[in-house]
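Okay, here's what each chain looks like letter by letter:
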Amino acid sequence: ISNATAWLTERAAREAAEAAREALRQNEHGARLLFEESPLPSLVFDAETFEVLAANEAAQRLYGYSLDELLALTIPQLRSADEVPLAALLKASHGADTASLARHRRKDGSEVIVEGQTHLMTFDGRRARLAVMADVTDRKRAERTLEHLREAQASERMFRTFVEQAPDAIVVVNTDREIVLVN
């Protein structure tokens, strides 16, 4: 009876281990699918060497590189030369998750502004970081345009106040010699 009990116990343990391995495979498959199908550009890079270990299709579209080309690069090669070195940012984070805004370079040399978040993880047995980014180039360009517009409006208000409160007569004429402003 003790041999039969030991055999049943061993068999149950083998079946439980196999079920756990299968559940792990399913979880890994689901996580990989989320990474690959994410609409947000995502990269996994080595936490020490900054070598790109994985990239999804959205990252390939953002940067203009094929998967093989991205896997041959490091994160500093994707960042604009005048950006704060990534190693300094990550060192300052003391290993915690990071969020940053940075200019990156595409394959064609153009720049893109990305808002990114990184998370420390293990990838294929290596200490790595998952970087998920959003292209905010258009938003930042619109913010700069809005700021310039606000500055122009403030300048115009100051000019109008100066003209309206001037003790002397002021006449503004355009290039066609038409009067456009009189105080």
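Data block above holds the structure.
Each chain has its residues counted from 1, following the order in which its sequence is written. Given that the model is predicted, a residue must reach a pLDDT of at least 70 before its local features are reported, and side-chain atom pairs must reach 80 or more before they are shown or counted; all residues, however, enter totals for whole chains, interfaces and linings. Just so you know, side-chain values use all the structure's heavy atoms and leave hydrogens and water out.

Quick notes on the side chain of serine 42
(1) Moving on: Secondary structure elements are taken from DSSP: a helix is a run of H or I of four residues or more, a strand is a run of E of two residues or more, and numbering for both begins at the N terminus. Counting through the fold element by element, serine 42 comes out in strand 1 (residues 42–46).
(2) Moving on: A polar contact of 3.0 Å, which involves the side chain of serine 42, links it to the backbone oxygen of leucine 40.
(3) Moving on: What serine 42 contacts, discounting residues up to four positions off in sequence, is Phe35, Ala54, Ala55, Asn56, Ala59, Leu130, Ala131, Val132 and Met133. For the purposes of these results, a polar contact is taken to be a pair of N or O atoms within 3.5 Å, where, inside protein, one atom must be able to donate a hydrogen and its partner to accept one; residues adjacent in sequence count only when each atom of the pair is a side-chain atom. Here, two residues are considered to be in contact whenever any of their heavy atoms come within 4.5 Å of each other.

Side note on the pattern of salt bridges
(1) Moving on: When a carboxyl oxygen of Asp or Glu lies within 4 Å of a side-chain nitrogen of Lys or Arg, that pair is called a salt bridge. Counted under the stated rule, the structure contains 11 salt bridges.
(2) Moving on: The partner of aspartate 46 in a salt bridge is arginine 126, and the shortest N-O contact between them spans 3.0 Å. Placement of aspartate 46 in strand 1 and of arginine 126 in strand 5 (residues 126–135) is noted, with a sequence separation of 80 residues between them.
(3) Moving on: Three exposure classes are used, based on accessible area relative to the maximum for each residue type with a 1.4 Å probe and protein chains only: buried under 20%, partly exposed in between, and exposed over 50%. Overall, the relative accessible area of 6% leaves aspartate 46 in the buried class.
(4) Moving on: Here arginine 139 ties to glutamate 143 by a salt bridge, and the two come within 3.5 Å at their closest N and O atoms. With a gap of 4 residues between them, arginine 139 and glutamate 143 both fall in helix 6 (residues 137–165), about one helical turn apart.
(5) Moving on: Residue classification places arginine 139 among the partly exposed positions, given a relative accessible area of 38%.
(6) Moving on: For glutamate 143, a relative accessible area of 38% translates into the label partly exposed.

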